[in-house]
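# Structural overview for review
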Amino acid sequence: MSDRESINGSAERRLGVFKTYKLYVGGKFPRSESGRVYEVTDSKGQWLANAPQSSRKDARDAVVAARKAFGGWSGATAYNRGQVLYRVAEMLEGRKDQFVREVAASEGLSKSKAAAVVDAAIDRWVWYAGWTDKIGQISGGANPVAGPFFNLSTPEPTGIVAVLAPRKSSLLGLVSVIAPVIATGNTAVVVASADAPLPALSLGEVLATSDVPGGVVNILSGVTAELAAPLAAHQDVNAIDLTGADPALAKELEIAAADNLKRVLRPGPVDADWAASPGTHRLTAFLETKTVWHPTGALGAAGSSY
C-alpha cells in the first residue's frame, strides 16, 4: 500500500476533534469554577457544542480581573487604544470563516447572510477604533466662565462595566456593546447570550491573540439572570449595560445597581437593528466628566493675561 493510500484510508476513518469552549477571564481560558456545562443548539434544535455554565464565583473572578486591568488600560493613550481595537479587527478578518460558521448556526442564517453579519462586525470594530481619540473632542472642551479662570471639562472612563450581551445578535450586537466600553478606557465583564454564546466565546480567543491586555474584556457564558444578579449588586462594578435583559430582569437589576450608584444603560428594543449606524451614545454612556478650574495670571509689565 502506498503512503498516499494509507493517508487517504486514515482520513476516511478519522474522527473529528470537537472544540472545547471555555470562558475568557483575565486573559486566560478557565473552565467554569462549578464544572457545569450546558448544551448549545442551533436554530433547528440540533446540538452544536457544550458551553461552560458560569457561576457567581466566576463572575466575581471576572470583576477582580477587570479591576486589575483597569489602571493600565484607562491610563493608555486614546491613540494606543485605537491601535489595539484595530488589531482586533485584523484578527477577526483572519478568522472570518470560523465566525461565519458560528453565526450561521447560532442565528439560523444562510452562509451569505452570516458573512455579511461578520463583515459588519469587523467594520464596527474599525469604526469604534477610530473614535478612541476623538470622543473627548465632542464630549469635553473649554467652558465659558465669568472670572479670571480657565474651566476645562474632559471625559474619563467610569471603571468596570458589566455588559449583558444581546440575546439574538450573537456577534454584531455583541461587538456593538463591547467595543464602545473598552474604546473609552473602561474594562468589561460580558455575559454572553445564553442561547448563542459560541461567537462570544470565540471572540475571547481573538482578544487573547490581539494586543488587548488580559482582564480588559472578560467573557462569561451561562444563565443570564444567574450571572447578572451578582454583577448588578457588586460593589466594585461601576456600571451595567442591560441590553440582554428582559423587562422584568432589567427592573430587578436596576434596583440592585442603585446600591452603589452604578451608571445604568437601559435595554433598547429586543429586535434592535444592530446594522444601523450606532452613533456615539454608547461611547458617552460610560464616561464621567472631570472639570478643572485654573486661574489665569498676568504676563509682563503690560498686564496681559493668559
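Everything discussed here concerns the structure shown above.
Structural notes, computed from the coordinates. Nothing here was measured: the structure is a model prediction, and the numbers come from that model. (Residues numbered from 1 in each chain as written. Predicted model: local features only at pLDDT ≥ 70, side-chain atom pairs only at ≥ 80, totals over all residues. Heavy atoms only, no water.)

Their axes nearest at 8 Å, the elements helix 9 (residues 224–233) and helix 10 (residues 247–257) cross at an angle of 20°. When the interaxial angle is binned, helix 9 and helix 10 end up roughly parallel. Between helix 9 and helix 10 lies a crossing whose hand is right-handed. Counting all contacts with helix 9, which are made through Thr 224, Ala 225, Ala 228, Ala 229, Ala 232 and Ala 233, the residues of helix 10 involved are Leu 249, Leu 253, Ala 256 and Ala 257. Here the residues of the contact of helix 9 with helix 10 are counted per class, giving nine nonpolar, one polar and no charged. (Axes fitted to C-alpha atoms, helices over the stretch in contact; angles between N-to-C directions. Helix = DSSP H or I, 4+ residues; strand = E, 2+ residues; numbered from the N terminus. Parallel < 35°, antiparallel > 145°, perpendicular 65-115°, else oblique. Left-handed = near helix turned anticlockwise from the far one by under 90°. Contact = heavy atoms within 4.5 Å. Nonpolar A, V, L, I, M, F, W, Y, C, P; charged D, E, K, R; others polar.)

Our focus in this paragraph is the sheet that holds strand 5 (residues 160–164). As summarised here, the arrangement of the five strands in space is 7-6-5-8-9, forming an open sheet in which the pairing is parallel. If you trace the sheet from one side to the other, it starts and ends with strand 7 (217–220) and strand 9 (263–265), each paired once. Across the sheet, the axes of successive neighbouring strands diverge by a mean angle of 15°, strand direction being ignored. Across three bridges, strand 5 lies against strand 8 (residues 239–241) in parallel orientation. Within strand 8, the position partnered with Ala 162 by the bridge is Ile 240. Sheet contacts for helix 7 (residues 172–183): strand 5, strand 6 (187–191), strand 7 and strand 8; angle to strand 6, the most-contacted strand, approximately 160°. (Pairing = 2+ DSSP bridges.)

Burial analysis of helix 8 (residues 198–208) places ten of its eleven residues in the buried class, which makes it a mostly covered element. Listed in full, the buried residues belonging to helix 8 are Leu 198, Pro 199, Ala 200, Leu 201, Ser 202, Leu 203, Gly 204, Glu 205, Val 206 and Leu 207. (Buried < 20%, exposed > 50% of the residue type's maximum accessible area, 1.4 Å probe, protein only.)

Attention shifts here to the packing of aromatic side chains. One pass over the structure, following the stated rule, counts four aromatic pairs. Centre to centre, the rings of Phe 18 and Trp 47 are 5.7 Å apart; their planes meet at 75°, and the pair counts as edge-to-face. Here Trp 47 lies in strand 2 (residues 47–52) and Phe 18 lies in the loop between helix 1 (3–13) and strand 1 (37–41), a separation of 29 residues in the sequence. Accessibility expressed as a relative area gives 41% for Trp 47, which makes it partly exposed. Ring centres 5.0 Å apart and planes at 85° place the aromatic pair Trp 127 and Tyr 128 in the edge-to-face group. (Phe/Tyr/Trp six-rings, centres within 6.5 Å; stacked < 30°, edge-to-face > 60°.)

Trp 125 and Val 190 are the most contacted members of the largest nonpolar core, which has 60 residues in total. Looking at this core, the element that brings in the most residues is helix 7, giving nine residues. In contact with Val 190, not counting residues within four places along its chain, are Val 163, Ala 165, Leu 174, Ile 178, Val 217, Asn 218, Ile 219 and Leu 220. Among the nonpolar cores identified, the runner-up in size contains 25 residues, and Ala 62, Ile 160, Leu 231 and Ala 245 belong to it. (Core = buried A, V, L, I, M, F, W, Y, C linked by side-chain atoms within 4.5 Å.)

Without other data, these values stay purely geometric and don't point to any function.
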